[in-house]
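# Chain and residue survey
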Number of protein chains: 2
Amino acid sequence: MKHINFADIEQMEQRNRARLINSLSGFKSANLVATCSEDGRNNVAIISSCFHLGASPALMGMVIRPDSVPRDTLSNIEQMGCYTINHVSANIYRQAHQTSARYAPEVSEFDKVGLSAELVAGIEAPFVAQSLLKFSLDLREVMPLAINGTILVIGEIKHIIVDESGLKADGYVDIEALGTVAVSGLDSYHHTQRLARLSYAKPDKALVTLSIDS
Amino acid sequence: MKHINFADIEQMEQRNRARLINSLSGFKSANLVATCSEDGRNNVAIISSCFHLGASPALMGMVIRPDSVPRDTLSNIEQMGCYTINHVSANIYRQAHQTSARYAPEVSEFDKVGLSAELVAGIEAPFVAQSLLKFSLDLREVMPLAINGTILVIGEIKHIIVDESGLKADGYVDIEALGTVAVSGLDSYHHTQRLARLSYAKPDKALVTLSIDS
């Protein structure tokens, strides 16, 4: 095993350090955040920092770095109070990655990368048509984190659109069957193979493998 | 495609709703947070909410729910100012899941589930011996989120221990080769297969698949 201490981390070349530290959290979600500006320009950006914050109310957090691409994303969210999150599946992961290029603000990444915006009546942000699991959120909080200048955005989930084949009777969504990918580091995309669904753990009870359809 | 609106979400049975909403963020990281109390009791708890917060300084966030098991985890972190995060690999995912059982505070989950605590000189929290990628953190912030009573814990990465086979020359860690698993929903574990590492995206340049060793 290799031991890397704090001085080693501090001395690493900046991009290598970013690759290393970005690998440490483990697998990350791959989502496209889609927004619309007040004057009607659609924007879509890949983000690997979405995380579950709570089920009741249904809240999701995401971290936005002010120095990275999704600046239009944040200003659109603040203008409109609404955005969508769309799972990246294996058939669109290259288009999704391409949205991280620094396109000019007047350019819609949808057109440039070959994704389609899909509008739903009553929701002011576009969805990604190709995505098989997507949901709209209303903005709840924009929280700058003083420790490093990143911004925590919290939204409440309002409207879910999911391919019915993935939705199980107990509420679980088989995102593997929908082709959702995972990210590692800054640039690696992975599909998945289920090991098992496991029963709720109790102190003196052995775990049981659940059926996917349980 | 099935449309689930806000009223549908509100009316769902509570556990089904938790399973649905927990599936929406996409794949989640699987980590064991290990701590030690002031009086020397080791504690280890699985957590799927770790997320990358920044590379310089090297920061990681995690969300702790006060009503779920890792309460000892939080009080130990606050007492000692130090904790470790240890990747869950396919060979220990069942033991890792079992740490979520509600053991009494005086019980060490290490003993109960069959994981081994590993001490490193100068670090006041134990590592999980079986984990092939693990790191220690110093506590930086404990931030209660008023919106739902969850707690955001932010730590700075101090010391990294990684199986050398996974560490690439450019800093990327091949966590797939190390067997790190991903989580979906509340209870599903997945191993991964790489689709590709992709080049840095630029507006007028086609993406290139990178070598894993690039």
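See the structure above.
The sections below set out a description of the structure shown in this document. (Residues numbered from 1 in each chain as written. Chains lettered and ligands numbered in written order. Predicted model: local features only at pLDDT ≥ 70, side-chain atom pairs only at ≥ 80, totals over all residues. Heavy atoms only, no water.)

### Examining the overall build of chain A
What counts, and what does not: Here a strand is any run of E in DSSP of at least two residues, a helix any run of H or I of at least four, and the numbering for each starts at the N terminus. Atoms counted for the radius of gyration: C-alpha only. Globule rule: 2.2 Å times residue count to the power 0.38. Partly exposed residues are those whose accessible area sits between 20% and 50% of the maximum for their type, while under 20% is buried and over 50% is exposed, using a 1.4 Å probe and protein chains only. Residues counted as positive are Lys and Arg, residues counted as negative are Asp and Glu, and His and the chain ends are not counted. Every charge is mapped onto a representative atom, which is NZ of Lys, CZ of Arg, CG of Asp or CD of Glu.
What chain A contains, in helices and strands, is five helices and 14 strands. Its C-alpha radius of gyration of 19 Å places chain A within 12% of the 17 Å reference for a compact globule of 214 residues. The principal-axis extent of the C-alpha atoms belonging to chain A is close to 60 × 50 × 30 Å. Relative to its 214 residues, chain A shows a buried fraction of 59%. Here chain A holds 19 positive side-chain charges and 24 negative ones, and the gap between their average locations is 6 Å.

### Here we look at unusual backbone geometry
Following S56(A), the chain continues into P57(A) via a peptide bond in cis, with omega recorded as 0 degrees. Following the sequence through the fold, P57(A) ends up in the loop between β5 (51-55) and β6 (58-64).

### Considering the packing of aromatic side chains
All names here are of chain A. The following threshold applies: Under the pairing criterion, centres of Phe, Tyr and Trp rings, with the six-membered ring standing for Trp, must be within 6.5 Å; the plane angle then separates stacked pairs below 30 degrees from edge-to-face pairs above 60, leaving the rest tilted.
Taken as a whole and judged by the stated rule, the model has three aromatic pairs over all chains. Pairing Y93 with Y189 gives two aromatic rings, centres 5.4 Å apart and planes at 45 degrees, and the pair type is tilted. Of this pair, Y93 sits in helix α4 (residues 93-98) while Y189 sits in strand β13 (residues 188-198), and the two are 96 residues apart along the sequence. Of the residues examined, Y189 reaches a relative accessible area of 3% and is grouped as buried.

### Side note on helix α3 (residues 71-80) of chain A
Residues and elements named next belong to chain A. Formally: Contacts are residue-level and defined by heavy atoms, with any inter-residue pair within 4.5 Å sufficient.
Residues of α3 that are buried: D72, T73, L74, N76 and I77. On the buried face of α3, the contacting elements are β3 (31-36), β4 (42-47), β6, β7 (82-87), β10 (133-144) and β11 (151-162). Where α3 ends, the next residue or the one after it, G81, has phi of about 70 degrees, a positive value.

### Digging into the side chain of H190(A)
Short version of the rule: Counting of polar contacts relies on pairs of N or O atoms within 3.5 Å, with two restrictions inside protein: one atom must be capable of donating a hydrogen and the other of accepting it, and residues adjacent in sequence are counted only when both atoms are side-chain atoms.
One can find H190(A) in strand β13. A relative accessible area of 0% places H190(A) in the buried class. Within polar-contact distance, the side chain of H190(A) engages the side chain of S188(A) at 2.9 Å. Contact partners of H190(A), with chain neighbours within four places excluded, come to F27(A), V181(A), A182(A), V183(A), S184(A), Y172(B), E176(B), T192(B), Q193(B), R194(B) and L195(B).

### As for the interface of chain A and chain B
Spelled out, the test is: Two parts placed together each lose some accessible area; with a 1.4 Å probe, that loss summed over both constitutes the buried area. Whenever Lys or Arg places a side-chain nitrogen within 4 Å of a carboxyl oxygen from Asp or Glu, that contact is recorded as a salt bridge.
Across the boundary between the two partners, chain A contributes 103 residues, which contact 103 residues of chain B. With both sides pooled, the region where chain A packs onto chain B buries about 9400 Å², and carbon together with sulfur makes up 62% of that total. Per-residue buried area on chain A facing chain B is highest for M1(A), F27(A) and L195(A); these three make up 8% of the total on that side. The tally of links between chain A and chain B comes to four salt bridges.

The quantities given are spatial measurements derived from coordinates; they are silent on function.
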